[in-house]
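Fold and geometry: a report
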Amino acid sequence: MAQNEFSEPHRVVYYETDDTGHLTLAMLINLFVLVSEDQNAALKLTTDYIHSLGVGWVVTQYHLQVDRFPEIGDQVTLKTRATAFNKYFAYREYWLLDTEGKQLAYGEGIWVTMSYATRKIATIPAAIMVPYGTEPVKRLPRLLRPEKVDETATSVAKPYTVRYFDIDENGHVNNAHYFDWMLDTLPAEWLRQHQAVDVRIRFENEVKYGHQVTSEVAHSNAATTQHTVKIGATTAVLATIDWQPRR
């Protein structure tokens, strides 16, 4: 395995799944973050060390493609690669594999380092990229963006108050919670009968403890939903999700 790659086994447990017994989209994100954090730990790039440099990693965009969500008790392999980076952005890939090495899900993410002093994007410290052995590049791959929201489509909205337990160590909402908020606007029976197969999501503004947010969904067609999470009139998250009947 290349120096910038890392993998580990994982068993899907009940609290990672929905009432159909399948891994949830939010937990897929959590597992992808877990394997990248474990890679960092193996390279001695601990959270405390990164924080000592005055920055923290923040994701700005994901593109996820899902072939099949594993079920309770399934043994899977989590894999990640710190593929490329430049002065301000890092591109990371993720895989979820079954016991035969077949791909269950694939993800791409664009990450930045955020200054704790300014809460803005900061230059990625060279010291936290050297251990990966990844060479810097001028241009990173471009991820597919969410579609423009169809203002004419019928929409459903739900309000949420950001709780203490929604917040991560960067002082804002853990990204996995956005997926729960977005999907919670869809009917339960519809969710039981469908699975997400392609997800394009952008995180545009921070959401913090105590904020009042609104999660809104609109169906652009029978197989695609468009999502926004807003703080008042400010857009925090935009996402487009393609669906297919659950197999």
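The model shown is predicted, which means the values in this text are computed figures rather than measured ones.

**Description of the overall build of the chain**
A tally of regular secondary structure across the chain gives four helices and eleven strands. Relative to the globule expectation of 18 Å for 247 residues, the C-alpha radius of gyration of the chain, 18 Å, shows essentially globular dimensions. Taken along the three principal axes of its C-alpha coordinates, the chain extends 50 × 45 × 35 Å. The proportion of buried residues among the 247 residues of the chain is 49%. Taking all contacts inside the chain whose residues are at least 6 apart in sequence as the whole, residues at least 24 apart take part in 72%. Carbon and sulfur atoms provide 53% of the accessible area of the chain, an area that totals close to 12300 Å². Between the centroid of the 24 positive side chains of the chain and the centroid of its 30 negative side chains there is a distance of 7 Å.

**A word on the layout of surface pockets**
Empty space within the largest pocket amounts to approximately 760 Å³. Lining the largest pocket we find 30 residues, and of these Thr-60, Phe-89, Ile-110, Val-112 and Arg-202 sit closest to its centre. Those elements that place two or more of their residues in the lining of the largest pocket are β2 (55-66), β5 (103-115), α3 (175-183) and β8 (194-203). When residues in the lining of the largest pocket are grouped by element, the largest group, four residues, is from β2. Looking at which domains feed residues into the lining of the largest pocket, each of domain 1 (5-132) and domain 2 (155-245) supplies at least three.

**Here's the deal with the domain arrangement of the chain**
Splitting the chain by domain gives domain 1 (5-132) and domain 2 (155-245). For domain 1 versus domain 2, the separation of C-alpha centres amounts to 19 Å. In this assembly, 25 residues from domain 1 lie in contact with 23 residues from domain 2. For the pair domain 1 and domain 2, the two sides together bury roughly 1900 Å², of which 50% comes from carbon and sulfur. Our count for the domain 1 to domain 2 interface comes out at two salt bridges. Between Asp-19 and Arg-192 there is a salt bridge, and its shortest N-O distance comes to 2.9 Å. Going through the elements one at a time, α1 (25-42), α2 (47-52) and β2 are the ones with two or more residues in the side of domain 1 that touches domain 2. Counted by class, the side of domain 1 that touches domain 2 contains twelve nonpolar, nine polar and four charged residues.

Quick notes on the rules
- Residues numbered from 1 in each chain as written.
- Predicted model: local features only at pLDDT ≥ 70, side-chain atom pairs only at ≥ 80, totals over all residues.
- Heavy atoms only, no water.
- Helix = DSSP H or I, 4+ residues; strand = E, 2+ residues; numbered from the N terminus.
- Rg over C-alpha atoms; globule rule 2.2 N^0.38 Å.
- Buried < 20%, exposed > 50% of the residue type's maximum accessible area, 1.4 Å probe, protein only.
- Contact = heavy atoms within 4.5 Å.
- Areas by Shrake-Rupley, 256 points an atom, 1.4 Å probe, with all protein chains shown as cover.
- Lys, Arg positive; Asp, Glu negative; His and termini not counted.
- Charge placed at Lys NZ, Arg CZ, Asp CG, Glu CD.
- 1 Å grid on protein atoms, 1.4 Å probe; cavity = no way out; pocket = protein on both sides within 12 Å on 5 of 7 lines; lining within 4 Å.
- Points joined across faces, edges and corners; volume = space filled by probe spheres on them.
- Domains from an automatic or database assignment.
- Buried area = accessible area lost by both parts, 1.4 Å probe.
- Salt bridge = Lys/Arg side-chain N within 4 Å of Asp/Glu carboxyl O.
- Nonpolar A, V, L, I, M, F, W, Y, C, P; charged D, E, K, R; others polar.

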